Structure formats: C-alpha cells, structure tokens
Number of protein chains: 2
Amino acid sequence: MGIRGDGTGGVAVRAELIAVGTEILLGQIDNSHAKFLSQDLAAIGISVFYHTVVGDNAERLIRLLKEAASRSDVIILTGGLGPTEDDLTREGVAGAFGLPLTFDEGAFVAHVTPFFERLGRAPTENNKKQAWRIGAGVFLPNPRGTAPGQYVQVSGKHIFLLPGPPLEMRPMYVESVRPRLVQLMGDSVIVSRVVRLYGIGESSAELEVKDLMAGVNPTVAPLASEGEMVFRITASAKTDEQARRMIAPVQGELEERLGDYVYGYDDETLASVVLSRLLENKKTVSFAESCTGGLLTSMLVDCAGSSRVLRGSVVAYDNAVKTELLHVPKMSLEAHGAVSEEVAYAMAEGVRLATGSDVGVSVTGVAGPDGGTIEKPVGLVYIGVTDGKTTNVTRRLFSGDRTQVRIRAAKHALFLVIQAMKKI
Amino acid sequence: MGIRGDGTGGVAVRAELIAVGTEILLGQIDNSHAKFLSQDLAAIGISVFYHTVVGDNAERLIRLLKEAASRSDVIILTGGLGPTEDDLTREGVAGAFGLPLTFDEGAFVAHVTPFFERLGRAPTENNKKQAWRIGAGVFLPNPRGTAPGQYVQVSGKHIFLLPGPPLEMRPMYVESVRPRLVQLMGDSVIVSRVVRLYGIGESSAELEVKDLMAGVNPTVAPLASEGEMVFRITASAKTDEQARRMIAPVQGELEERLGDYVYGYDDETLASVVLSRLLENKKTVSFAESCTGGLLTSMLVDCAGSSRVLRGSVVAYDNAVKTELLHVPKMSLEAHGAVSEEVAYAMAEGVRLATGSDVGVSVTGVAGPDGGTIEKPVGLVYIGVTDGKTTNVTRRLFSGDRTQVRIRAAKHALFLVIQAMKKI
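Position numbers for residues count from 1 along each chain, tracking the sequence in the order it is written. Note on labels: chains are lettered from A, ligands numbered from 1, in written order. Reporting of local features is limited, given that this is a predicted model, to residues whose pLDDT is at least 70; pairs of side-chain atoms are given and counted only at 80 or more, and all residues count toward the totals for whole chains, interfaces and linings. Values reported for side chains reflect all heavy atoms of the structure, with hydrogen atoms and water molecules removed beforehand.

Per an unreviewed UniProt entry, chain A is named Putative competence-damage inducible protein, and its organism is Ferroacidibacillus organovorans. Taken from UniProt, the Sequence similarities (unreviewed entry) comment for chain A reads in full: "Belongs to the CinA family." UniProt positions are given in the numbering used here, feature names are shortened, and annotations may be inferred rather than shown by experiment.

Rendered as structure tokens:
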C-alpha cells in the first residue's frame, strides 16, 4: 500500500466486490449492489479493481477468494448469508483462509432471534447457521433481517460479509462498513453533497469543471441521466465540520460556473423541488397533458404530500377533450393544429380555470414514432406555464424514442415551473 | 466437456462473462450486459459460472483472461473495442494467449469505414485499431457503430469480443454469437416463447409448474416483477419447426395449469394488450385517476398507437375536481369519502361521459405514506370499470410503498380492462 496522493496522509486501499448468487448468473436479477458500493467507495477514495459474481458453490467461491486476497486489501462479499444449504458465503470465507467456523450463542441471541421475536415467530434450527463466527470475526448488526453481517481480518486483508437483499445490505454498509474503511484510510468521517443540474449536457458540464473533477479530496464525481446531471462532492476528514469546510469552496466554485442549471441538492428531484416551491409560495397547480399522457402529473404525485399542491389534471388526447374539458378554441386547433404555441397557451389557461388552480401547465407535442411531419417533427413539444396573469410557451425539440421524448418533455415542464416560481 | 443431460446429444458448455470498463468499477454505470447475456445463455442451456468486471488495464485483463481460460469453455467480453488508448480488450486477448495483432485493411474497409461514410465523416488514424485482427480471429459485423466484434478460437476455447454500447452489443450477440454457441452445442436453432401472467405470486406460480421448470430442453425460466410473472420457454433443436414442436406441449401444460392468469405473450405488456383488445373491439377508453395520478394513463400512452383508443383522462386529486369535471355527487363524497366504492363508481361513469369514450376506468385509493386509517389503510384502492351499461368496482389492498402501491393499482386496472374486453 502506498501513500494516498492527496496530502491528507491516508493510505491507498485496493478493494474488490464479490456477489454470491446463482440467480444473478442465471440473469434472473441484476448485481445491483456493485454500482451502489462502487460509487460510495470511489467517493471515499478507495479504488475498486474487480467486480465478480459467483454462484452458490463453495469450491468456486474458495478459489475466487484466494485469488481476490492475492490482489486486493478489502473484499466486500454480498449474498449467501441466509439459513439454507445454498447459503455458503460463511463456509467459503472460512475455507479459503483456513479459519474455524463456530456457533456463537451470544451472537444468535443478540442478532438472529430479535428479528423473529418482532415477527412473533421462533427461529428454526437452520437459522443457527447465521450465528456461525468465522475465526475472530465481528458480527455486524442487521435490524432489517435475520442475517447479521461479519467483518473478518486475516493476513492484513479486510473481509466484509453483507446480506444480499438491498434493503438490508445498504444500511449495513453505511452503518458498519464505511466507517471502518474510512478509519482504515486514516480519516474518521465522510461527507457528501450532491448538486443537481438540469438543462446542460454531460460533456458541456464536465468541461466546465474538469479541474474540480481532478481533485482527490474532495472528489467530484459526475452522473448523467435523461437530461439531468448530478455532481457528488465528497470529502473525507477527521471531523464532520472539517469535511464540510473542505466541500464548501468546491461547491461554491461549481455553482459559480454552473449555477444557472442548478435546481436542487442531495435527494431532491425536479418534482420534489416543484412541490417545495409551490408550498413555499402557497400556490396550487394543475396540468393539461397531451403527448406526456399523465406522466408529468404522475411525477409530482410520486412525491408524498403532492395532494397539498395538486388540484388535478386533464389528459387531453382527443381534440374533443381539448375543447370540451379545457375550452381550447376550435379555431385554434383548426388553424394551428394540436401541436402549436396557440394550443399550448389555451390548454394551460384552460386547465387552470377548469380545476381552479393558481398555476396551469400544458404539454403538447409529437412523441412519435408516427405523426411527425417536416414542419412538426417527432420530438417537437410546446410547454405552456400560466399564473393567470402571464402565460409563457416554450418550444423544444427533444431527441430519443417515444418514451424518452415523453420523459424529457415532462422533466422540462417541471424545470419551467421551478423557474416560474423563482420569479414570484 | 460432458454430454448434456437432455438426451438431445448436445454438449455441456461452461461460459463466463467479462465486462471491461473503469466506468463500471467507479459505479458510474451498471454492468447491464450481464443480465441480458446470462438470461439468454441460460435459455439456450449454457451454464454461466462467473461474471467479472475489470478496468481499462491491460495487465489486470490479461491475468483475468488466463484464469478464465483455465475454467471456462466460452468467454464473452464486452467493452473496450473503441479507438482510444483506453480501449485495450484486443491487446488483452492477444497478450493473454500469445496471439499476434495485425491491421487488416480488408476488415477496415468492410467494417469500420462504412459507418463513417453514413455519417459523412472520415475515420481517423485511431480507428485503424478497430480493424486489428487477433490471431486468426473472425470479425463480427456491427452495423450500428464503428467497432466490429471478433471471434477468436484458441486452445479449444471460444472467445467473443463485443462492443460496450448495449444498442450495438445486443444485436451483435443475437446475430453473430448465439448462432455459433447453439452450433457448438450440436443444435442449430433456438426458439423462445414468453408467457405473461398477472395476478399470481411468484412462489405460487412456480409451485404449479415446478416439474416443468426442472426440464432441460425446453427450459422453463421464471421472472417476477411488480405483480407480474413471466415464464420463458426455450428449446434448442436442429430446425425452427422442431423447436416449436418441443415448446408447444410445455406451453400447453403451463396454460392448462395457470391459464386464468395468462394475459399475453412475448413482448406484450398489460398496456399493449389493453390497446390491442380495445382496437379489436373498436372501443375507446378514458381514465379517472386519483391516487395513481396519471400513471395509468401514462402506461397506455407509452404504447405507440394509443391515440387510436384513448380519448383522454382526468386526474381528480382535489374533491372539487371530482365534482366539477367528473360530476361525482357531493353527497357521495361526503357520505362515503373519496376512497370508496361509490366514488369509484361515479368517477368511472363521470369520465366516460366527460370525454365521450366507450369505456371509463377509475382508480381511487390511499397511496400513503400518510392518509391511512384503520378503516381505510394505506394500500386500499377501488377500481371502477364501466361500459355505460355495466359498472364493476373492485376493492384491493396493495402492499408496498407509495410508488409500488401506485404501480400495482395501475397494473391491476389494466388487467381489469383486459378482462372486461373478454366479456364483450
């Protein structure tokens, strides 16, 4: 192990991930842990060199573990901690490193039986396996299931055994693994700040902050998905306060350069920010959707508490619905077509009046795959936002297939509502 | 290699998958190929023993390939076939097996330059790398990108190099890899039939067809997601017709036992079957959504052609919208509450009349996390379906969080529409 190159005095740690489970090799489920763990390990400055998936087979697991120990400092195993004969991770680790496996009555009472008590059931004889200690292993609590994790140190290697279900694995990693890894590196806390952007492409955004992304502590990691862009800034330090002090100038610099595109932080989404802004401004909203077909409304409804701001929506697919429920003038539809600035304008105003909301938002466009013309190609979308006094209609051409055009149009509409709320 | 145990005379083949790409180890993207390839390999009867992800590093890739060749017959590599210095998969395979790498002018003209011609650009000097032949490797065409794949046979091992982008990798696998693997096993075609079920749990369904799932050719593989259940029946044989003849009795037996739950086949979805049934019956539809908040409509709109059957929808979140746009009697709302059989009834009929559709569908429920009571707990949903003559309201209690309750309620509504269309 060499000295970490960020001047904080920590050490370089090489890690690898092993997922145990024949169901992954059969393609029945994804190895969804790999991305989660890799992201977090990268954020705290640990290099991951291999991900491996191996089946519920002791021989192959032992062979793999020996190889892994010859090349990595930290091995994180997920899966295979259940009570059945197929659950072989404990046996595999013990076998690979020649460690004894002993039933630990105390661990059984402390870690395995409480979960059954909450369910009002008794553990079976099988469940005793879940309290087998590997050598001098340390059990890691699992309040969400019957399988405690385990931390085994052997020949200078750090081996973590975590349960397979994501709802058990993720909190156990955060509570019991990450702090030990951070300590291993000579620090004691890790703090992350996520900055969320909309309306800028991945390559443009990265170009603007390339120098920041070259930093080692804090690290700045980009992530893009369907028109959104995220930067995660992560610092490791002796104290929480010190980590925050290290993040602040980097976040400040990032927002100085990309502030126009920043819409939220950490766990926020476009929809949750729309909900917050509407609540702050004590405004209600309604949507008139054509090509998005309910998707826009559904994004807001996915946020708990949306009933406090959403009056309702009209999905006006047929022109008759546009005229009857939204009172779009027949003349506008005939003169300009359903996908037009005029109709977007009338739909936004129409839904506001029909539902009695403060803000009305409309989307009308050509989602494809058919229905495009030279004048109005697939991907063309008009989005209207009105507060009863001012109505703005935005014209956009989105790329992608039918589903992507619809998702991008809905997200763009949410972004426009956030911007409109800023102006109040 | 041993003889395959299905009496068809094929041979047992052990395969492993290697994804090359530092971006996967950093957690920036998922190794999404593993599930796709594993499912297909399982379906054609090939056992996958390892998935590994390794970074863009020749030394680690060579070490891994040597290990892989010592334990597997088939190695499928994805990624690292681009033109840059980071693209090292060709070098890795050549290095691991001591094979020469030679620039192949003919392959360059046949496989690399045509893509640039379509873009109206010239390939760069870098792109020549993409026509490096590994030993006596066979190039695999890639009409969707600049990186041809390659098939290398060495010491009785079969090594396939495929590009990383899924839109290039998947068709190349289907067109150039799968047929070679099928041939390797002594067969010449693979045929799959997917049977889609709704309304039965994974374990109940599997229990019913456990004996069928034990078969080797055809294989019967289950897959469950959010209330839906899928069985993929796959046969390998000398001819397409023979494979279909092998599938037919297994499918017949499966439908004999689980027919009540079968709603579709192959690429169909609940929404696409709703669309087909409505088209067949020449009926239009509209939705009145409360807790699903546009999600139900959005599922139908996601199917191309939905404009031929969908008149429109009303998301009636606020009670005032229920009374004004859907003409739900105020008395019903006051006497029974918004989440009630009576209101579901009135909403279905109301949206049918408001939009002028043949069929009206309503959903009202408690999606949570708040708003549940002892009488009306989180997850309680009423779904109404009316054709103007008969109106049926179904009461269901769904488990899961807010998002899951909403998805399950929307899917259940689609299933009820399919059933209603059967009765016409």
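A.B. asks: Quick question: what am I supposed to make of the pattern of salt bridges here?
C.D. replies: We define a salt bridge as a contact between a side-chain nitrogen of Lys or Arg and a carboxyl oxygen of Asp or Glu at a distance within 4 Å. Overall, the coordinates contain 38 salt bridges over all chains when judged by the stated rule. Across the pair Arg71(A) and Glu16(A) runs a salt bridge, and its minimum N-O distance is 2.9 Å. Remark: Glu16(A) occurs in strand S1 (residues 14-20) and Arg71(A) occurs in the loop between helix H3 (58-69) and strand S3 (74-78); sequence separation between them is 55 residues. A residue is classified by how much of its surface remains accessible, and Arg71(A), at 10% relative accessible area, is buried. For each residue, the accessible area found with a 1.4 Å probe, counting protein chains only, is set against the maximum for its type, and the residue is called buried under 20%, exposed over 50%, and partly exposed in between. Owing to a relative accessible area of 0%, Glu16(A) belongs among the buried residues under this scheme. Arg352(A) serves as the salt-bridge partner of Glu349(A), at 3.5 Å between the closest nitrogen and oxygen. In this pair, Glu349(A) and Arg352(A) both sit in helix H14 (residues 341-355), three residues apart, roughly one turn of the helix. Judged by its relative accessible area of 21%, Glu349(A) is partly exposed. Look at the salt bridges and you will find they share partners, linking Glu16(A), Glu67(A), Arg71(A) and Arg63(B) into a network. Strands are runs of DSSP state E lasting at least 2 residues, helices are runs of H or I lasting at least 4, and numbering of each runs from the N terminus.

A.B. asks: Quick question: what am I supposed to make of the interface of chain A and chain B here?
C.D. replies: Quite often, the size of an interface is put as the accessible area lost when its parts meet. Contact between two residues is taken to exist if any of their heavy atoms lie within 4.5 Å; hydrogens are not considered. Listed by partner, the interface residues are 58 residues for chain A and 58 residues for chain B. Across the chain A to chain B interface the summed buried area is about 4900 Å²; carbon plus sulfur atoms make up 53%. The interface formed by chain A and chain B contains six salt bridges. A salt bridge links Asp318(B) to Arg311(A); its shortest N-O distance comes to 3.3 Å. Each of two parts loses accessible area, computed with a 1.4 Å probe, when they are put together; buried area is these two losses added.

A.B. asks: I'm lost on the relation of the copies chain A and chain B in this one. Help?
C.D. replies: One copy of the chain maps onto the other through a rotation about an axis plus a displacement along that axis. Copies overlap after least-squares fitting; the atoms used are the C-alpha atoms of residues with pLDDT of at least 70 in both. Overlay of chain A on chain B (RMSD 0.1 Å): rotation 180°, translation along the axis 0.1 Å. Here the copies are linked by what is in effect a two-fold axis. Looking at chain A, 100% of its interface residues are interface residues in chain B too, so the copies touch through the same face.

A.B. asks: Is there a simple way to think about the packing of helix H2 (residues 33-43) of chain B against helix H6 (residues 166-184) of chain B in this case?
C.D. replies: In a packed pair of helices, the relevant descriptors are the angle between the two axes and the axis-to-axis distance. Residues and elements named next belong to chain B. Contact geometry of H2 with H6 gives a least axis separation of 12 Å together with a crossing angle of 25°. Considering the angle they form, H2 stands roughly parallel to H6. Where H2 crosses over H6, the two elements pack in a sense that is right-handed. In contact with His33, Phe36, Leu37, Asp40 and Leu41 of H2, H6 contributes Pro166, Met169, Arg170, Tyr173, Val174, Arg178 and Leu181. Here the axes come from fitting lines to C-alpha atoms, over the contacting stretch only for helices, and the angles between their N-to-C directions go from 0 to 180 degrees. The scheme is simple: roughly parallel for angles under 35 degrees, roughly antiparallel for over 145, roughly perpendicular for 65 to 115, oblique for anything else. By convention, the crossing between two helices is left-handed when the near helix turns anticlockwise from the far helix through less than a right angle, and right-handed when the turn is clockwise.

A.B. asks: What am I meant to see in the pairing of strand S16 (residues 380-386) of chain B here?
C.D. replies: Consecutive side chains of a regular strand alternate in pointing toward one face of the sheet and then the other. All names here are of chain B. Counting buried residues along S16, seven of its seven residues qualify, which places the element largely inside the surrounding structure. Burial of S16 is two-sided: the residues Leu380, Tyr382, Gly384 and Thr386 facing one way and the residues Val381, Ile383 and Val385 facing the other way are all buried. Relative to S16, strand S15 (residues 359-365) runs antiparallel, the two being bridged by six bridges. Paired with glycine 365 across the two strands is valine 381, which belongs to S16. We treat two strands as partners when DSSP finds at least two bridges between them.

A.B. asks: Got a minute to help me understand helix H6 (residues 166-184) of chain A in this structure?
C.D. replies: Side chains three or four residues apart in an α-helix point the same way, a direct result of the helix having 3.6 residues per turn. All names here are of chain A. Along its length, H6 reaches its greatest deviation from straightness, about 45°, at tyrosine 173. All buried positions along H6 are accounted for by Glu168, Met169, Pro171, Met172, Tyr173, Ser176, Val177, Arg178, Leu181 and Val182. On its buried face, H6 sits against helix H2 (33-43), S3, strand S6 (138-140), strand S7 (149-154), strand S8 (157-162) and strand S9 (189-198). Immediately downstream of H6, the backbone of glycine 186 shows phi near 95°, a positive value. A residue's bend is given by the angle between axes fitted to the 7 residues ending at it and the 7 residues starting at it.

A.B. asks: Looking at this structure, how should I read the sheet that holds S16(B)?
C.D. replies: Within a sheet, neighbouring strands are paired by backbone hydrogen bonds and run either parallel or antiparallel to one another. Pairing within the open sheet is mixed, and its ten strands lie in the order S17(A)-S16(A)-S15(A)-S13(A)-S14(A)-S14(B)-S13(B)-S15(B)-S16(B)-S17(B). Unpaired on one side and paired on the other, strand S17 (391-397) of chain A together with strand S17 (391-397) of chain B mark the two borders of the sheet. Across this sheet, the average inter-strand angle for adjacent strands is 10°, counted without regard to direction. Across five bridges, the pairing between strand S13 (residues 285-289) of chain A and strand S14 (residues 310-316) of chain A is parallel.

A.B. asks: Honestly, the packing of helix H3 (residues 58-69) of chain B against helix H4 (residues 89-97) of chain B in this entry has me stumped. Any pointers?
C.D. replies: Residue and element names in this part refer to chain B. H4 packs onto H3 with a crossing angle of 55° between their chain directions and a minimal axis gap of 8 Å. The angle between the axes of H3 and H4 places the two elements in the oblique class. Note on packing geometry: the crossing formed by H3 with H4 is right-handed. Residues Leu61, Ile62, Leu65, Lys66 and Ala69 of H3 pack against Thr89, Gly92, Val93, Gly95, Ala96 and Phe97 of H4. Tallied by class, residues from the contact of H3 with H4 come to seven nonpolar, three polar and one charged. Note on residue classes: Ala, Val, Leu, Ile, Met, Phe, Trp, Tyr, Cys and Pro are nonpolar, Asp, Glu, Lys and Arg are charged, and everything else, Gly too, is polar.

A.B. asks: Explain the side chain of Gln251(B) to me, please; I cannot follow it from the model alone.
C.D. replies: All names here are of chain B. Positionally, glutamine 251 belongs in helix H9 (residues 240-258). Engagement of the side chain of glutamine 251 in a polar contact is seen with the side chain of arginine 193, the distance being 3.4 Å. Setting aside residues no more than four positions away along its own chain, glutamine 251 makes contact with Arg193, Val195, Ile233 and Tyr265. Whenever two N or O atoms come within 3.5 Å, that pair is a polar contact, provided that in protein one can donate a hydrogen and the other can accept it, and provided that, for residues adjacent in sequence, both atoms are side-chain atoms.

A.B. asks: Please explain the domain arrangement of chain A as it appears in this structure.
C.D. replies: By the assigned domains, chain A splits into domain 1 (14-184), domain 2 (189-265) and domain 3 (270-422). Measuring from the centre of the C-alpha atoms in domain 1 of chain A to the corresponding centre in domain 3 of chain A gives 48 Å. Marked domain ranges trace back to an automatic or database domain assignment.

A.B. asks: I tried to follow the sheet that holds strand S3 (residues 74-78) of chain B on my own but got confused; where do I start?
C.D. replies: Taken together, the twelve strands give an open sheet; going across it, the order is S6(A)-S7(A)-S8(A)-S3(A)-S1(A)-S2(A)-S2(B)-S1(B)-S3(B)-S8(B)-S7(B)-S6(B), and neighbouring strands pair in mixed fashion. The open sheet has two free edges, formed respectively by S6 of chain A together with strand S6 (138-140) of chain B, since each of these has just one partner strand. Neighbour to neighbour, the strand axes of the sheet diverge by 15° on average, direction disregarded. Alignment of S6(A) against S7(A), held across three bridges, turns out to be antiparallel. Paired with Leu140(A) across the two strands is Gly149(A), which belongs to S7(A). Strands S3, S6, S7 and S8 of chain A of the sheet are contacted by H6(A), whose axis makes an angle of about 170° with S8(A).

A.B. asks: What should I look at first to understand the state of the cysteines in this one?
C.D. replies: The term disulfide refers to a covalent linkage connecting the sulfur atoms of a pair of cysteines. Note on terminology: pairs of cysteine sulfur atoms within 2.5 Å are recorded as disulfides. Per the stated rule, a full pass over the model turns up zero disulfides over all chains. Free cysteine Cys291(A): the closest other cysteine sulfur is in Cys303(B), separated by 15 Å.

A.B. asks: Got a minute to help me understand the environment of His111(A) in this structure?
C.D. replies: Residues and elements named next belong to chain A. Looking at where histidine 111 falls in the secondary structure, it is placed in helix H5 (residues 105-119). Taking the C-alpha atoms as reference points, histidine 111 and histidine 327, 216 residues apart in sequence, are found 63 Å from one another. Residues in contact with histidine 111, not counting those within four places in the same chain, are Phe139, Pro141, Thr146 and Pro148.

A.B. asks: Which parts of the structure should I look at to understand the side chain of Thr78(B)?
C.D. replies: Mapped onto the secondary structure, Thr78(B) falls in strand S3. Not counting the four nearest positions on each side in its chain, Thr78(B) is found in contact with Ile18(B), Ala19(B), Val20(B), His33(B), Leu37(B), Leu162(B), Pro163(B) and Met169(B).

A.B. asks: Before we go on, may I ask you to explain helix H10 (residues 270-280) of chain A in this structure?
C.D. replies: Residue and element names in this part refer to chain A. Of the residues making up H10, those classed as buried are Leu270, Ala271, Ser272, Val273, Val274, Leu275 and Leu278. Elements in contact with the buried residues of H10: S9, strand S11 (228-237), strand S12 (262-265), S13, helix H11 (295-301) and helix H15 (402-422). One or two residues past the end of H10 sits lysine 282, with phi positive at roughly 55°.

A.B. asks: Even after reading the chapter, I still don't get unusual backbone geometry, so can you show me in this structure?
C.D. replies: That bond from Asn217(A) to Pro218(A) is cis: its omega, 5°, falls within 30 degrees of zero. Turning to its location among the elements, Pro218(A) is positioned in the loop between helix H8 (210-213) and strand S10 (219-225). At Asp266(B), a residue that is not glycine, the phi angle is positive and equals roughly 50°. In this fold, Asp266(B) is placed in the loop between strand S12 (262-265) and helix H10 (270-280).

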